[in-house]
Amino acid sequence: MEKKLAVVVGAGKGMGVNIAKVFGQHDFKVAMLARNLDKLAPLAEKLNSQGIEAYTYAADAASTDSLSRAFQKIRQEHGSVDVLIYNAAILMAGFPTKLTSADLIEHYQVDVASALHTAKLVLPEQIAKGCGAIIFTGGGLALYPMAEYTCVSVDKAALRALAFALSQEVKEQGVYVGVVTIMGSIAPNTHYDPADIAEKYWELYEKQEDVEYVFK
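Now for a description of the structure that goes with this document. This is a predicted model, so every value here is computed, not measured. Sequence order sets the numbering: in each chain, residues are counted from 1 along the sequence as written. Only residues with pLDDT of at least 70 are given local features in this predicted model, and only at 80 or more are side-chain atom pairs given and counted; all residues enter the totals for whole chains, interfaces and linings. Hydrogens and water are ignored here; the side-chain numbers use all heavy atoms of the structure.

A look at the packing of helix 1 (residues 15-25) against helix 6 (residues 194-207)
To be explicit about the condition: Angular values range over 0 to 180 degrees, each being the angle between N-to-C directions of two axes fitted as lines to C-alpha atoms, with helices fitted over their stretch in contact. Helix and strand assignments follow DSSP, with helices taken as H or I runs no shorter than four residues and strands as E runs no shorter than two, numbered in order from the N terminus. Here is the rule for angles: anything less than 35 degrees is roughly parallel, anything more than 145 is roughly antiparallel, 65 through 115 is roughly perpendicular, and the remaining ranges are oblique. Crossing handedness is defined as follows: a turn of the near helix away from the far one that is anticlockwise and smaller than a right angle gives a left-handed crossing, while the clockwise case is right-handed. Contacts: residue pairs with any heavy atoms within 4.5 Å of one another. The classification used treats Ala, Val, Leu, Ile, Met, Phe, Trp, Tyr, Cys and Pro as nonpolar, Asp, Glu, Lys and Arg as charged, and all other residues, Gly among them, as polar.
Put simply, helix 1 and helix 6 touch, their axes get as near as 8 Å, and they point 50 degrees apart. Judged by the inter-axis angle, helix 1 sits oblique to helix 6. Crossing of helix 1 over helix 6 shows right-handed handedness. In contact with Met15, Asn18, Ile19, Val22 and Phe23 of helix 1, helix 6 contributes Pro194, Ala195, Ile197, Ala198, Glu199, Tyr201, Trp202 and Tyr205. The residue makeup of the contact of helix 1 with helix 6, split by class, is eleven nonpolar, one polar and one charged.

Brief notes about the packing of helix 4 (residues 101-129) against helix 5 (residues 150-170)
Each packed pair of helices is defined by two parameters, the angle between the axes and the distance between the axes. At a minimum axis separation of 9 Å, helix 4 and helix 5 run at an interaxial angle of 20 degrees. Here helix 5 runs roughly parallel to helix 4, going by the angle between their axes. Classified by chirality, the crossing of helix 5 by helix 4 is right-handed. Of helix 5, the residues touching helix 4 (which contributes Asp103, Leu104, His107, Tyr108, Asp111, Val112, Ala115, Leu116, Ala119, Leu123 and Ile127) are Cys151, Asp155, Ala158, Leu159, Leu162, Leu166 and Val170. Residue composition of the contact of helix 4 with helix 5, grouped by class: 14 nonpolar, one polar and three charged.

Looking at the pairing of strand 1 (residues 4-9)
To keep things clear, this is the line we draw: Residue exposure (1.4 Å probe, protein chains only): buried if accessible area is under 20% of the type maximum, exposed if over 50%, otherwise partly exposed. The pairing criterion for strands is at least two bridges between them, as found by DSSP. Orient the strands so they point away from the viewer; a crossover is then right-handed if the path from the first strand over the helix to the second runs clockwise.
Most of strand 1 sits inside the fold, with five of its six residues counted as buried. Alignment of strand 1 against strand 2 (residues 28-34), held across six bridges, turns out to be parallel. The residue bridging Ala6 from the neighbouring strand is Val30, located in strand 2. On the question of chirality, the crossover connecting strand 1 to the parallel strand 2 by way of helix 1 is right-handed. As paired elements, strand 1 and strand 4 (residues 83-86) share four bridges and run parallel to each other. Across the sheet, residue Val9 finds its bridge partner in strand 4, namely Tyr86.

What to know about the sheet that holds strand 6 (residues 176-182)
Taken in spatial order, the seven strands make up an open sheet running 3-2-1-4-5-6-7, and their pairing is parallel. The open sheet is flanked by strand 3 (54-58) and strand 7 (212-215), the only strands paired with a single partner. The average undirected angle you get between the axes of adjacent strands in this sheet is 20 degrees. Pairing analysis gives five bridges linking strand 2 to strand 3, with the strands arranged parallel. Opposite Met32, over in strand 3, you have Thr56 as the bridge partner. Relative to the sheet, helix 1 contacts strand 1, strand 2, strand 4, strand 5 (133-139) and strand 6, its axis offset from that of strand 2 by approximately 165 degrees.

Observations concerning the layout of surface pockets
Quick reminder of the rule: Within this scheme a cavity is a closed region of a 1 Å grid, computed over the protein atoms alone, that accommodates a 1.4 Å probe without allowing it to escape, whereas a pocket is open but has protein on both sides within 12 Å along at least five of seven lines; lining residues each have an atom within 4 Å of a point. Grid points are joined across faces, edges and corners, and a volume is the space filled by probe spheres set on the points.
Counted as a void, the largest pocket has a volume near 1400 Å³. If you go around the largest pocket, you meet 45 residues; those closest to its centre are Asn87, Ala88, Ala89, Ile90 and Leu91. Broken down by secondary-structure element, the contributors of at least two residues to the lining of the largest pocket are helix 1, strand 2, helix 2 (37-49), helix 4, strand 5 and helix 5. Per-class residue counts for the lining of the largest pocket are 27 nonpolar, twelve polar and six charged. Taken together, Lys13, Val17, Asn18, Lys21, Leu43, Lys46, Leu47 and Gln50 form the lining of the second largest pocket. Taken together, the elements giving at least two residues each to the lining of the second largest pocket come down to helix 1 and helix 2. The class makeup of the residues in the lining of the second largest pocket is three nonpolar, two polar and three charged.

Below you can see the structure in the form of structure tokens.
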């Protein structure tokens, strides 16, 4: 039986690889996307050494064309995407008065607009099959914004709204949409250990009941 495919956009040594590992442990094959393949390669090698079928693809979340090309290649090599996890974000500080409108737009593209773009790349096939899932990585700043992190606050709020709105639109067509809202700073060996948080992505996917899981 062919394994299902999970794609993680914005994969790295923190949340991304841990999300990929959790789905891989549940017999998914996983595709990890990031700008730098050199940094992804050792992560994929480690997963493969653990018996997880992992692949890497170069893609820049700031470029919809780059994402489209990567997903086209994934589709050609592995077929349709069963689960999409959008984990890309620009996590930079900046007070409101220090930002320009161009700064806001640049961040919004990566943090929110490209999340919608990738969702629309996989939705047609998921809707046609009547099943599939899309999960976004949210943040506590969506609920408790901080002036020092204005772009992140604005964009995580927008991403959370997008998750709820998209869920309302496609739920009756068999597609699950969710968001994991992480209320603290991600770091190994802390309460916000990425390995522990990653389990909640699987929990949302498996149950497909609530749109949001707040990790706090």
